Structure formats: C-alpha cells, structure tokens
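Chain by chain, the residues run as shown.
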Amino acid sequence: LHATDVFPQDLADESFRALQSVDDADWHLSSSSTVDYGDNKGIGHFYHSYRGRGVDEIKRRLHSIGPHMFPGFQAARYTESGHIAPHDDSQMFPIQATDENRSERFPAGKVMFRKIAIVYYLTKDWRQEYGGRFVDLHERERPQAIGPAFNSLVAFLVPRVHEVERLAAGCPPRLSVF
C-alpha cells in the first residue's frame, strides 16, 4: 500500500520540524558495524535512529492504523551513503521491561513477531536523483521503486523483500518514521 497526504498538513509540518530540531547527539548510528547480529553478518545498512518524544503524535497516529498491534516505531535520518540492503523486515523480539509500549496485553518478556511494516516519510522536496527510494523486491523481475514523498507512507505485510537505495552525495537528510 502506498498512500499520499496521509495526515493533516499542519501535523505533517509539525512532525517535520520536530525531526529537524532533534539534536545530533540524540540520533544514534545504526549500521552493519554497530548492530550485534551474533554469528550472522546481518543486513547491510547505514542510517541514524531516534527514539525520543519529538514525534510521539505521529507514532500515536501510525499506531492507530493497527491499534491491536504492538507499536515499535522509531524515526530515521538517512544521510549521504545511507541505505538498507535487501531484507524482509522479519523480526522476533521479547518486549523489554523498559519499553514504553509494554502493557497488560504486551507485558515485558512476551515474544513478538513483526506482522506489518509501515514507513512514513517526512522529507520535503525530495528528488529522484537523491536516491533513497523504497524499492519493493517482492517480484524480483519487476522491482517497484517509491520515492519518499513528504506526508506519504508505505505499508506492507511482513515478510516482504525490499531495500532502501543508497543516498547520493550532497543530498539533504531523508527523514522517516518506521
């Protein structure tokens, strides 16, 4: 599913400004070299994540799409060379005791499996030459690329193979919540 003009313009603009104002120290590098995959090499990737309170309203609204599901949203900032190699978003994880989303229904220790993935885009004036498109590889012979248009989202059932194209030199940051 690809949807445009997802939220009211003022909410999208407010969320964009909130992400732009996040201090650099609050963005945490996520890359193949910073994530411990155990004996597995893992999935090649490079971006910065933010799990702070600055985009709580967008996370709440995204959660309303599947309110019976466990919400695990974070913001992402991709910069030059940022990307994620082909992967299918499959994930199994226990809910941590420190997770702000734990509840009676989703207690600490409960093992969860990702079922739906949502990517919400908050970058204005993105151009194709910047790269950074979501590429659906479900049908390998006919990949479908979707640009990260402002206030749009992509949602899909997991597992589904996709990637984020490498960002070009000199491009602005690509902001999203997923």
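That block above? That's the structure.
First things first, this report covers the structure right here in the doc.

Scoring rules and cut-offs
Residues numbered from 1 in each chain as written. Predicted model: local features only at pLDDT ≥ 70, side-chain atom pairs only at ≥ 80, totals over all residues. Heavy atoms only, no water. Helix = DSSP H or I, 4+ residues; strand = E, 2+ residues; numbered from the N terminus. Rg over C-alpha atoms; globule rule 2.2 N^0.38 Å. Buried < 20%, exposed > 50% of the residue type's maximum accessible area, 1.4 Å probe, protein only. Contact = heavy atoms within 4.5 Å. Areas by Shrake-Rupley, 256 points an atom, 1.4 Å probe, with all protein chains shown as cover. Lys, Arg positive; Asp, Glu negative; His and termini not counted. Charge placed at Lys NZ, Arg CZ, Asp CG, Glu CD. Core = buried A, V, L, I, M, F, W, Y, C linked by side-chain atoms within 4.5 Å. Phe/Tyr/Trp six-rings, centres within 6.5 Å; stacked < 30°, edge-to-face > 60°. Salt bridge = Lys/Arg side-chain N within 4 Å of Asp/Glu carboxyl O.

**A look at the overall build of the chain**
Then, number 1: A count of helical and extended segments in the chain gives two helices and 13 strands.
Then, number 2: The C-alpha atoms of the chain give a radius of gyration of 16 Å, which matches the 16 Å a tight globule of 178 residues would have.
Then, number 3: Projected onto its principal axes, the C-alpha positions of the chain cover 45 × 40 × 35 Å.
Then, number 4: Across the 178 residues of the chain, 42% fall into the buried class.
Then, number 5: If you take every contact in the chain between residues at least 6 apart in sequence, the share linking residues at least 24 apart comes to 75%.
Then, number 6: Carbon together with sulfur atoms contributes 50% to the accessible area of the chain, which is approximately 10,200 Å² in total.
Then, number 7: Charged side chains in the chain number 21 positive and 24 negative. The centres of these two groups are separated by 3 Å.

**Describing the nonpolar core**
Then, number 1: Judged by nonpolar contacts, the single largest core of 21 residues is most densely connected at Leu 19, Leu 62, Tyr 120 and Leu 122.
Then, number 2: Counting residues per element, this core draws most heavily on helix α1 (residues 9-20), which supplies four residues.
Then, number 3: If near-sequence neighbours (up to four positions away) are discounted, Leu 19 is found in contact with Trp 27, Tyr 50, Val 55, Ala 75, Leu 122, Leu 175 and Ser 176.

**Observations concerning the packing of aromatic side chains**
Then, number 1: Scanning the model with the defined rule gives nine aromatic pairs in all.
Then, number 2: Pairing Phe 70 with Phe 93 gives two aromatic rings, centres 6.0 Å apart and planes at 45°, and the pair type is tilted. Taken as a pair, Phe 70 in the loop between α2 (56-63) and β4 (75-78) and Phe 93 in strand β6 (residues 92-94) lie far apart in primary sequence, 23 residues in all.
Then, number 3: Residue classification places Phe 70 among the buried positions, given a relative accessible area of 14%.
Then, number 4: Measuring from ring centre to ring centre gives 5.6 Å for Phe 134 and Phe 156, while their planes differ by 45°; the resulting arrangement is tilted. Placement of the pair is Phe 134 in strand β9 (residues 134-136) and Phe 156 in strand β11 (residues 152-157), with a sequence separation of 22 residues.
Then, number 5: Among the residues examined, Phe 134 registers a relative accessible area of 3% and is labelled buried.
Then, number 6: Taking relative accessible area as the criterion, Phe 156 reaches 9% and is therefore assigned buried.

**Remarks on the pattern of salt bridges**
Then, number 1: Applying the stated criterion to the full structure yields 13 salt bridges.
Then, number 2: Arg 77 is the partner of Asp 24 in a salt bridge, and the nearest nitrogen-oxygen pair spans 3.1 Å. One end of the pair, Asp 24, is in the loop between α1 and β2 (28-31); the other, Arg 77, is in strand β4, and 53 residues separate them in sequence.
Then, number 3: Given the relative accessible area of 58%, Asp 24 is considered exposed.

**Some points on the side chain of His 48**
Then, number 1: Secondary-structure assignment places His 48 in strand β3 (residues 45-50).
Then, number 2: For His 48, a relative accessible area of 16% puts it in the buried group.
Then, number 3: Setting aside its immediate chain neighbours within four residues, His 48 contacts Trp 27, His 28, Leu 29, Ser 30, Ala 75, Ala 76 and Arg 77.

**Re unusual backbone geometry**
Then, number 1: Here the bond from Val 158 into Pro 159 is cis, since omega is 5°, no more than 30 degrees from zero.
Then, number 2: Mapping Pro 159 onto the fold places it in the loop between β11 and β12 (162-164).
Then, number 3: Even without a glycine there, the phi angle at Asp 5 is positive, about 50°.
Then, number 4: Here Asp 5 is to be found in the loop between β1 (2-3) and α1.
Then, number 5: When its relative accessible area of 61% is taken as the criterion, Asp 5 is described as exposed.
Then, number 6: Backbone geometry at Asn 151 places phi at a positive 60°, although glycine is not the residue there.
Then, number 7: Turning to its location among the elements, Asn 151 is positioned in the loop between β10 (144-146) and β11.
Then, number 8: Here Asn 151 falls in the buried class, since its relative accessible area comes to 1%.

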